[in-house]
Amino acid sequence: MELLISLISGAIGGNLSGRLINKIDQGVVINSIAGIVGGGLGGQLLSMVGAGALAGGGVDLMGIIGQIASGGVGGGVVLAIVSVIRNALGK
């Protein structure tokens, strides 16, 4: 359940980041894929660094909020990295 929340919030975070920062917008498909990857990685990294209560806390409110936050931020970060790489290769 936690992974699914991270993946969905990552996709939303990637698309939201792309819409808010036009420089990193890569289109809905790439924003979503980067967001999903970032959401999964963000949730896993947060639980690995010891914030298990936030990242993998189950279905309680703090666990869900932690998954949404880590997934959204992770999605935005991976989208920014993908954007930098694609822009560097395109020039």
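The structure this text deals with has already been given above.
Since the structure is predicted, the reported quantities are computational estimates derived from the model, not experimental observations.

### Notes on the overall build of the protein chain
Phase 1 of the analysis: Secondary structure summary: the protein chain contains four helices and zero strands in total.
Phase 2 of the analysis: Helices and strands appear in the protein chain in the N-to-C order α-α-α-α.
Phase 3 of the analysis: For the protein chain, the proportion of its 91 residues judged to be buried stands at 38%.
Phase 4 of the analysis: Counting contacts in the protein chain only where the partners sit at least 6 residues apart, residues at least 24 apart contribute 69% of the total.
Phase 5 of the analysis: Accessible surface for the protein chain amounts to roughly 5,300 Å². Of this, 76% is attributable to carbon and sulfur atoms.

### Quick notes on the environment of N31
Phase 1 of the analysis: With respect to the element layout, N31 can be found in helix 2 (residues 28-48).
Phase 2 of the analysis: Note: C-alpha distance between N31 and S83 (52 residues apart in sequence) is 9.4 Å.
Phase 3 of the analysis: When residues no more than four places from it in sequence are discounted, the contact partners of N31 are G14, N15, G18, I24, D25, Q26 and L79.

### Quick notes on the environment of S47
Phase 1 of the analysis: Tracing the backbone through its elements, the reader meets S47 in helix 2.
Phase 2 of the analysis: Sequence separation between S47 and S70 is 23 residues; the distance between their C-alpha atoms is 9.8 Å.

### Considerations on a nonpolar patch on the surface
Phase 1 of the analysis: Residues V29, I33, V37, L41, L45 and M48 make up a contiguous nonpolar surface patch of roughly 620 Å² in combined accessible area.
Phase 2 of the analysis: With respect to the element layout, I33 can be found in helix 2.

So, how was this worked out
Residues numbered from 1 in each chain as written. Predicted model: local features only at pLDDT ≥ 70, side-chain atom pairs only at ≥ 80, totals over all residues. Heavy atoms only, no water. Helix = DSSP H or I, 4+ residues; strand = E, 2+ residues; numbered from the N terminus. Buried < 20%, exposed > 50% of the residue type's maximum accessible area, 1.4 Å probe, protein only. Contact = heavy atoms within 4.5 Å. Areas by Shrake-Rupley, 256 points an atom, 1.4 Å probe, with all protein chains shown as cover. Patch = residues over 30% accessible without salt bridge, like charges linked within 9 Å, V, L, I, M, F, W, Y side chains within 5 Å. Salt bridge = Lys/Arg side-chain N within 4 Å of Asp/Glu carboxyl O.

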